[in-house]
Amino acid sequence: MSEKKVILTGDRPTGKLHLGHYVGSLQSRIKLQSTHEQYVMIADAQALTDNYDNPEKVHENVIEVAIDYLSVGIDPSETTIFIQSMVPEIHEIAMYFLNLVTWNRLKHNPTVKAEIRQKGFGESVPAGFMTYPVFQAADIAAFHADLVPVGDDQRPMIEQTNEIVRNFNRIYKTDALKEVEGLYPNVARLPGIDGSAKMSKSLNNGIALSEDLKSVMKKAKKMFSDPNHTNIEDPGQVEGNPVFLYLDCFCSDTQKLAELKEHYTRGGLGDGSVKKYLGEVLVEFLEPIQTRRAQFEQDKGEVLNILKKGTVEARKKAAKTLAAVKEAMHLNYFK
């Protein structure tokens, strides 16, 4: 029987998770946890690269993100959930990796460049932010991950990880580390409710998994749709319409959805009716998640125990990789 493939994935604890996270990675984690060896990392150290002046925010959100994981169905008996900063082996590996990539290469990483523009750093980019692709490479390598579920915008990060791994193995004449594959979602990125290309906590254009259900209905009613569909009797555009993109992801009644699309396309169906239905669909999807969330919120001590146990297991795995890395680099002085 072949060994299970290893998956490494995670999120930065800068806020509660939203529907975009579910579509982008959470549902794949739930699906794959029973067939793969899965590690889910709460990337608090990475979150500090652009929240260094607000560590309280990061600290508070670690438990919130963990509760989101458990609420959607990530099972700690099948998935190892751990806190990044509590696994020092990762950071030591990253320190060695920093010598294997140039500053110029980091500056030209497309993902980093895009995020620098989005965050408005200008010339005041923290060095920690510039080097976080190296730390991501260490996260992945530390667990000998075969697969990393990411969005298309993270392809440059996967490429950079593999460059570093190849450089390490070549320079130190070893096969201690292995390259990784990106696992990309089948569905397009879920847009923001304002029509933006990306649902983002920083843009405040998302619907949190823990969002008050009345607020969910209100947001659905205000959602950006087809800007050219000004009259009910006019034909509407389904393709690229955020309302229908959300319905594609969360509506379980495929026959009704097909009828809505046909009606909207031929005309005679108002955006208000479609948005109202979307709100009902989202409430139906979120209600059981929020019921489970309420249970976990009543016992945060148990959530912390789950994180502690997962972090202990993660350290064991990362320690084996670190030992192999130091062996290859002849840093094993006391055998």
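Residues numbered from 1 in each chain as written. Predicted model: local features only at pLDDT ≥ 70, side-chain atom pairs only at ≥ 80, totals over all residues. Heavy atoms only, no water.

### So, the overall build of the protein
Secondary structure assignment for the protein yields 14 helices and five strands. In terms of overall size, the protein behaves like a compact globule, its C-alpha atoms giving a radius of gyration of 22 Å where 335 residues would be expected to give roughly 20 Å. By principal-axis analysis of the C-alpha atoms, the protein measures approximately 80 × 45 × 45 Å. Within the span of the protein, comprising 335 residues, buried residues form 50% of the whole. Contacts in the protein between residues at least 24 apart in sequence constitute 78% of all its contacts with a sequence separation of at least 6. Taken as a whole, the protein presents about 16800 Å² of accessible surface, with 52% of it coming from carbon and sulfur. Taken together, the 41 basic and 45 acidic charged side chains of the protein have centroids lying 3 Å from each other. (Helix = DSSP H or I, 4+ residues; strand = E, 2+ residues; numbered from the N terminus. Rg over C-alpha atoms; globule rule 2.2 N^0.38 Å. Buried < 20%, exposed > 50% of the residue type's maximum accessible area, 1.4 Å probe, protein only. Contact = heavy atoms within 4.5 Å. Areas by Shrake-Rupley, 256 points an atom, 1.4 Å probe, with all protein chains shown as cover. Lys, Arg positive; Asp, Glu negative; His and termini not counted. Charge placed at Lys NZ, Arg CZ, Asp CG, Glu CD.)

### Considering the pattern of salt bridges
Inspection of every chain in the model, using the stated rule, returns 18 salt bridges. Salt-bridge contacts for D68 lead to R293; the nearest nitrogen and oxygen are separated by 3.1 Å. Of this pair, D68 sits in helix α3 (residues 55-72) while R293 sits in helix α13 (residues 271-297), placing them 225 residues apart in sequence. Here D68 falls in the buried class, since its relative accessible area comes to 1%. Close ionic contact of E280 with K276 constitutes a salt bridge, the shortest N to O distance being 2.7 Å. Note that E280 and K276 are positioned in helix α13 at a spacing of four residues, about one turn of the helix. Connected through shared salt-bridge partners, K16, E64, D68, R293, E297 and K300 make up one network. (Salt bridge = Lys/Arg side-chain N within 4 Å of Asp/Glu carboxyl O.)

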